[in-house]
Amino acid sequence: MTAATPLLPLAWLNAPITWLLVGVGLSLATIGLVSLLRTRWRYVKAWKKCALLSFWVHVLLAYVATVIQVASAGLGVGPGEGPGPPIEVALVTTEITPLDEVSSLVVEEPAADAASESREEAKPVAGEPATDDEAAEAPPTETAAPLEAPELLAEPEIAEPPSLEAAPEPFDEPALDEVVTEESPPAPASEPPPDAAADEAAKPEQQPGEPPSQASSAATAREGAADGSASSASAPTNAAPVPEEYADRFASNRSQLVVGGGGNANTERAVAAALAWLAAAQEEDGRWNPQRHGAGQERYTLGQDRGGAGAKADTGISGLALLAFLGAGHSHREGPYSTEVARGLDYLRRVQKSNGNLSGDAELFAQTYCHSMASFAVGEAYALTKDKRLDPIVRAATAYSLAIQHPTDGGWRYRPGDTGDTSQLGWQVMALKSGELAGLAVPDATWTRVDRFLRRVSRGQAGGLAVYRPEEALPSRPMTAEALYCRQLVTGRADGGLSPAGLNEAVDMLLKQPPSLGEINLYYWYYATLALHRAQAASPQAADAWRQWNEALTATLLASQNEDGSWPQTCIWGGYGGRVYTTALAAMCLEVYYRYAPSDAAQEEQSIATGAHHSWR
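Right, let's walk through the structure included here. (Residues numbered from 1 in each chain as written. Predicted model: local features only at pLDDT ≥ 70, side-chain atom pairs only at ≥ 80, totals over all residues. Heavy atoms only, no water.)

1. Some thoughts on the overall build of the protein
Here is step 1: Along the backbone of the protein there are 22 helices and 2 strands.
Here is step 2: Within the protein, the fraction of its 617 residues that count as buried is 47%.
Here is step 3: Counted over contacts in the protein with a minimum sequence separation of 6, partners at least 24 positions apart contribute 72%.
Here is step 4: A total of about 30,200 Å² of accessible surface is found on the protein, and carbon and sulfur atoms cover 57% of it. (Helix = DSSP H or I, 4+ residues; strand = E, 2+ residues; numbered from the N terminus. Buried < 20%, exposed > 50% of the residue type's maximum accessible area, 1.4 Å probe, protein only. Contact = heavy atoms within 4.5 Å. Areas by Shrake-Rupley, 256 points an atom, 1.4 Å probe, with all protein chains shown as cover.)

Here it is in structure tokens:
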């Protein structure tokens with residue numbers, strides 16, 4: 001063997017047959033691994049793929065190094081005897097700068113916009129749909145330390161409220177789990193007066209379905225929920241006025257609104273029991289764990305395998321639970337569940353990514369749903385309380401929603417750049433509208449795109465029906481209900497801007513499948529309940545449709561509620577979301593009588609249709 005003879009080919013030829021067979025096996029395994037990553041494992045998180053590939057490359061390198069060592073030994077080549085001249089190594093000493101001279105060194109600062117330039121380069125081109133591989137390989141986004149949103153709860157071991165110097169604006173209120181007002185300052189810790197028991201016994205008994213007074217304690221409200229009576233929050237004491245759309249949650253005559261709208265003491269007790277169950281189901285870190293309550297079960301709904309979507313949808317499921325509390329008037333500042341709401345909001349604050357994304361660890365089919373549901377909840381909490389500590393969270397979440405809207409299609413779907421579907425659209429529209437009520441400005445172009453998408457999914461002779469995606473032909477009831485409600489939110493009109501024939505077309509389709517125990521679809525019922533409740537102001541026919549729907553809804557929900565206050569997950573979509581999902585949606589359906597007050601335009605339409613101002617209430 002001459003010095004110029006390459007060693008590697010001879011090493012392979014001289015390797016034992018066992019090592020050659022191992023090499024063949026590793027090659028086949030490599031091909032299989034690559035195939036799995038491009039097919040069955042294509043939606044596995046990018047960091048997991050990188051870790052697996054890194055491990056496998058190290059295995060292959062170790063194999064190659066071992067084969068060369070074994071084969072080289074058989075060729076009689078020892079260390080330092082390989083082909084080519086020897087490599088010479090020299091040690092070069094350098095002079096070390098004394099420490100006292102370091103301060104005189106000039107350090108060139110990077111350009112101020114270097115970070116922003118790097119971010120611009122990494123930003124995907126708007127309008128270009130991401131491929132499956134690009135979406136799967138995208139590195140995970142870091143969490144949202146740059147948002148600088150202060151904690152919403154004080155640490156247990158800290159006596160004073162947490163420092164709020166990092167907040168965008170000064171905020172000197174107490175920690176969010178301490179409800180303190182000027183009218184009723186916190187009493188010092190001491191023994192109760194001797195006549196406290198007598199005073200407590202002398203208090204008038206609260207009537208079922210009637211909101212408790214502001215002096216009601218959290219314990220009293222929770223005992224009421226446990227024994228079946230309704231519990232609701234008192235009127236907010238913060239200086240900022242509550243948006244008119246949320247005012248009915250705190251109305252002094254809320255029990256009358258319930259009865260006038262079609263509810264009763266039983267529906268209010270059902271809501272109270274549901275909130276008590278949700279409070280007990282909350283984790284110590286403030287989230288609601290979907291898997292703990294039956295989420296992530298693949299049932300191939302509508303014939304599609306979604307990989308058990310919902311198992312990691314912690315932020316979305318937590319958002320729905322928070323919305324159920326907020327819908328009954330409980331915020332992180334007011335009500336017996338203020339601590340639970342504050343902990344839930346604080347959890348969402350902690351997991352928000354630096355780009356505003358609130359999807360958490362949710363996987364492909366649940367990511368956008370989770371972001372919009374969580375954004376919806378945080379935005380509504382901000383609109384209710386005007387708590388400036390929520391401003392950076394809501395602002396960043398809204399910016400992310402605006403960024404991932406398809407620029408020409410006008411919709412949202414699973415990944416940024418995907419053309420939209422009506423199901424995703426509804427949650428995004430509600431999240432953006434809650435942001436607007438909190439004071440954020442949503443560009444007119446966003447609503448123009450939403451309107452364009454709604455026109456593209458419209459079907460039926462009068463345009464009142466809707467499909468899931470624009471390319472589909474057959475409308476469905478859930479998408480018709482969701483599209484109708486989106487139109488109502490965008491236009492501010494009870495008829496959603498539809499012609500009388502279009503509205504009747506939508507209402508008639510929904511009434512052909514009212515709520516029943518035969519097929520429970522809480523997702524469909526949620527949107528249909530919101531849309532029909534709002535549409536009743538448009539015409540006497542729509543008002544009658546709401547009456548029929550509401551009677552079927554309340555009868556079915558009251559009959560199907562579990563004894564512990566939850567609703568079973570054995571329904572359409574319940575396998576993905578679990579019991580927190582079903583309980584939150586059912587509770588919000590029963591809160592419809594006061595959850596959102598009709599807009600001025602809707603009230604005016606009702607007055608014209610019925611000839612009696614606000615008579616529908």
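On we go from here.
2. As for helix H9 (residues 265–281)
Here is step 1: An ideal rise of 1.5 Å per residue puts 24 Å on 17 residues; H9 measures up with 24 Å between its terminal C-alpha atoms.
Here is step 2: Of all 17 residues in H9, 12 are buried, a share of seventy percent or more.
Here is step 3: What H9 keeps buried is the set Thr267, Glu268, Ala270, Val271, Ala272, Ala273, Ala274, Leu275, Trp277, Leu278, Ala279 and Ala281.
Here is step 4: Two or three places before Asn266, at the opening of H9, Asn264 has a side-chain oxygen 2.8 Å from that residue's backbone nitrogen. (Expected span 1.5 Å × (residues − 1). Polar contact = N/O pair within 3.5 Å; in protein donor to acceptor, adjacent residues only side chain to side chain.)

3. Considerations on the packing of aromatic side chains
Here is step 1: A full pass over the atoms with the stated rule returns 10 aromatic pairs.
Here is step 2: With a centroid separation of 6.1 Å and 45° between ring planes, the pair formed by Tyr246 and Tyr596 is classed as tilted. Here Tyr246 is found in the loop between helix H7 (218–226) and helix H8 (254–261), whereas its partner Tyr596 is found in the loop between helix H21 (592–595) and helix H22 (600–610), with 350 residues between them in sequence.
Here is step 3: The exposure class of Tyr246 is buried, given its relative accessible area of 1%.
Here is step 4: On the accessibility criterion, Tyr596 (11% relative accessible area) is buried.
Here is step 5: When the centroid spacing of 5.1 Å and the interplanar angle of 50° are considered together, the rings of Phe325 and Tyr337 count as tilted. Note that Phe325 is positioned in helix H10 (residues 314–327) and Tyr337 in the loop between H10 and helix H11 (338–351), a separation of 12 residues in sequence.
Here is step 6: Connected via pairs of aromatic rings, a cluster forms that spans Trp427, Tyr523, Tyr526 and Tyr527.
Here is step 7: The ring of Tyr594 has Arg254 lying over it, and the distance from NZ or CZ to the ring centre is 3.9 Å.
Here is step 8: When the ring centre of Trp447 is taken as origin, the NZ or CZ atom of Lys433, which lies over that ring, is 4.6 Å away. (Phe/Tyr/Trp six-rings, centres within 6.5 Å; stacked < 30°, edge-to-face > 60°. Lys NZ or Arg CZ within 6 Å of the ring centre and 35° of its normal.)

4. Some points on the packing of helix H18 (residues 522–535) against helix H19 (residues 540–560)
Here is step 1: Close contact between H18 and H19 brings their axes to 9 Å; oriented N to C, the two are set at 145°. The two elements H18 and H19 cross, and the hand of that crossing is left-handed. Contacts between H18 and H19 pair Leu522, Tyr524, Trp525, Ala528, Thr529, Leu532, His533 and Ala535 from the former with Ala542, Trp546, Trp549, Leu553, Thr556 and Leu557 from the latter.
Here is step 2: When the residues that make up the contact of H18 with H19 are grouped by side-chain class, the tally is 11 nonpolar, 3 polar and no charged. (Axes fitted to C-alpha atoms, helices over the stretch in contact; angles between N-to-C directions. Left-handed = near helix turned anticlockwise from the far one by under 90°. Nonpolar A, V, L, I, M, F, W, Y, C, P; charged D, E, K, R; others polar.)

5. What about a nonpolar patch on the surface?
Here is step 1: Residues Ile17, Leu20 and Leu21 make up a contiguous nonpolar surface patch of about 290 Å² in total accessible area.
Here is step 2: Considering the arrangement of structural elements, one finds Leu20 in helix H2 (residues 17–38). (Patch = residues over 30% accessible without salt bridge, like charges linked within 9 Å, V, L, I, M, F, W, Y side chains within 5 Å. Salt bridge = Lys/Arg side-chain N within 4 Å of Asp/Glu carboxyl O.)

6. Observations concerning the side chain of Ser331
Here is step 1: Of note, Ser331 is situated in the loop between H10 and H11.
Here is step 2: On the basis of relative accessible area, Ser331 is assigned to the buried category, the value being 5%.
Here is step 3: Here the side chain of Ser331 touches Arg333 through a polar contact of 3.1 Å, landing on its backbone nitrogen.
Here is step 4: Not counting the four nearest positions on each side in its chain, Ser331 is found in contact with Leu326, Tyr337, Ser338, Val341 and Thr385.

7. Regarding the nonpolar core
Here is step 1: Judged by nonpolar contacts, the single largest core of 109 residues is most densely connected at Leu278, Trp288, Leu320, Trp427, Met430, Tyr526 and Leu557.
Here is step 2: When residues of this core are assigned to their parent elements, the largest contribution, 12 residues, is made by helix H12 (residues 364–385).
Here is step 3: Discounting residues that sit within four places of it in the chain, Leu278 has contacts with Trp288, Ala321, Ala324, Phe325, Val580, Thr583 and Ala584. (Core = buried A, V, L, I, M, F, W, Y, C linked by side-chain atoms within 4.5 Å.)

8. A closer look at the pattern of salt bridges
Here is step 1: The final tally for this structure, using the stated rule, is 21 salt bridges.
Here is step 2: The salt bridge partner of Glu245 is Arg534, with a shortest N-O separation of 3.3 Å. Linking Glu245 in the loop between H7 and H8 with Arg534 in helix H18, this pair joins segments that are 289 residues apart in sequence. Arg534 shares its class with Glu245; the two are buried.
Here is step 3: One network of salt bridges, in which partners are shared, links Asp285, Arg287 and Asp314.

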